[in-house]
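Spelled out, the chains give:
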Amino acid sequence: MSKEDPIIRVENLTVGYTPGNPIITDLSVEFSRGKISTIVGTSGCGKSTLLKSIIGLLRPWEGRTSVAGNDLNYLEGNELTLALSRIGLLFQQGAMLNSITVAQNVAMPLREHTKLPQSVIREIVRLKLDLVGLGHAIDMLPSELSGGMRKRAALARAMVLDPEVLLCDEPSAGLDPQTAASLDELILNLKATFDMSVVVVTHELPSIDMIADDVVMLGRGGQLLFDGSLRQAKQCQVPEVVAFFARSVPSQSGRSKPLLSYLEERE
Ligand SMILES: Nc1ncnc2c1ncn2[C@@H]1O[C@H](COP(=O)(O)OP(=O)(O)OP(=O)(O)O)[C@@H](O)[C@H]1O
Ligand SMILES: [Mg+2]
């Protein structure tokens, strides 16, 4: 399906880690500007791999990816630095450096990409931490934060350069439902306030219900099982998609069944 003026394009992407063993094969998909798109699919199907290829960490074997018109896999020097500064990244593991304070972590992209004086950097960092409700933690170490606080601090860092697009890999994994919901609200607010395009990899159904405009579902081998709005996803008859939203296991015959009856059948 072709989307109007997509922020991210993936065209005929084939990529992997070991020669001869592709993780994603011939994937074409687009992510809309100004929307929240969620990427779903079973563990190990290649969601994080897709994000790595999009941000230029893993060069395509075939095909291409682009963000706001830039193929990050083939940019170098200042052009790459500039293109990267327009993308906010929230990694699956949160990736905060434990030996420096929250403020210093959040300030890192500003130090890398700007020549702003220290006082201005401190002010921007304070504003971003206030935005995620962590103003009080500015001088704490990441190890002194709870898991949810660490995710929010990582989100503040991802947002510090006012990116055009935010990519989040399982932002609410390991968080309690309330903390996960507050992170979702934060992502919704960021989209509404800054008109940001957001791509979120997630397994969490409540989170998808709350934030998703669009859903992209990948199957084993990284193939595209579904691409469309959340409403269309819920009406889709592809067994894996039905099973995902019903939290059940797709049967061999193609019809999905509740997990309980699947387990009963096996006994
Ligand atoms: N650095 C790596 N080197 C080699 N293989 C890798 C590497 N990273 C991931 N893989 C393999 O690529 C496949 C897809 O991994 P990926 O992390 O993209 O899955 P995922 O869909 O993000 O899974 P999850 O939902 O568990 O995060 C897996 O088989 C994994 O073992
Ligand atoms: Mg992953």
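The structure under discussion appears in the preceding block.
Residues numbered from 1 in each chain as written. Chains lettered and ligands numbered in written order. Predicted model: local features only at pLDDT ≥ 70, side-chain atom pairs only at ≥ 80, totals over all residues.

**Observations concerning the overall build of the protein**
- Looking only at helices and strands, the protein features 10 helices and 11 strands.
- A globule of 267 residues ought to have a C-alpha radius of gyration of about 18 Å, and the protein, at 19 Å, matches this closely.
- Principal axes of the C-alpha set define a box for the protein whose edges measure 65 × 40 × 35 Å.
- Within the protein, buried positions represent 39% of all 267 residues.
- Once local pairs closer than 6 in sequence are excluded, the contacts in the protein between residues at least 24 apart make up 60%. (Helix = DSSP H or I, 4+ residues; strand = E, 2+ residues; numbered from the N terminus. Rg over C-alpha atoms; globule rule 2.2 N^0.38 Å. Buried ≥ 20, exposed ≤ 12 C-beta atoms within 10 Å, placed from the backbone. Contact = placed C-beta atoms within 7 Å.)

**Description of the site of ligand 1**
- Around ligand 1, the neighbouring residues are Tyr17, Ile23, Gly41, Ser43, Gly44, Cys45, Gly46, Lys47, Ser48 and Thr49.
- The dominant element in the shell around ligand 1, judged by the number of residues it contributes, is helix H1 (residues 47-54), at 3 residues. (Near = placed C-beta within 6 Å.)

**Points about unusual backbone geometry**
- Phi at Asp26 is positive, roughly 50 degrees, even though this residue is not glycine.
- Secondary-structure assignment places Asp26 in strand E2 (residues 21-32).
- For Glu170, which is not a glycine, the phi torsion comes out positive at approximately 45 degrees.
- Mapped onto the secondary structure, Glu170 falls in the loop between strand E6 (165-169) and helix H6 (177-194).
- Judged by C-beta crowding, with 22 C-beta atoms within 10 Å, Glu170 ranks as buried.

**What to know about the environment of Asp5**
- By the secondary structure assignment, Asp5 is in the segment before strand E1 (6-18).
- C-beta crowding within 10 Å serves as the criterion here: with 8 such atoms nearby, Asp5 is assigned to the exposed category.
- Each C-alpha atom, one on Asp5 and one on Ser32, is 7.0 Å from the other, the two residues being 27 residues apart in sequence.

**Re the pairing of E1**
- One ladder, built from 8 bridges, connects E1 with E2; its direction is antiparallel. Among the inter-strand pairings, Gly16 is bridged to a residue of E2, identified as Pro22.
- In sequence, E1 turns back onto E2 through a hairpin of 2 residues, with Gly20 there showing a positive phi of about 85 degrees.
- Summarising the sheet, E1 and strand E4 (residues 62-67) pair through 5 bridges and their orientation is antiparallel. Counted as the bridge partner of Ile8 is Val67 from E4. (Pairing = 2+ DSSP bridges.)

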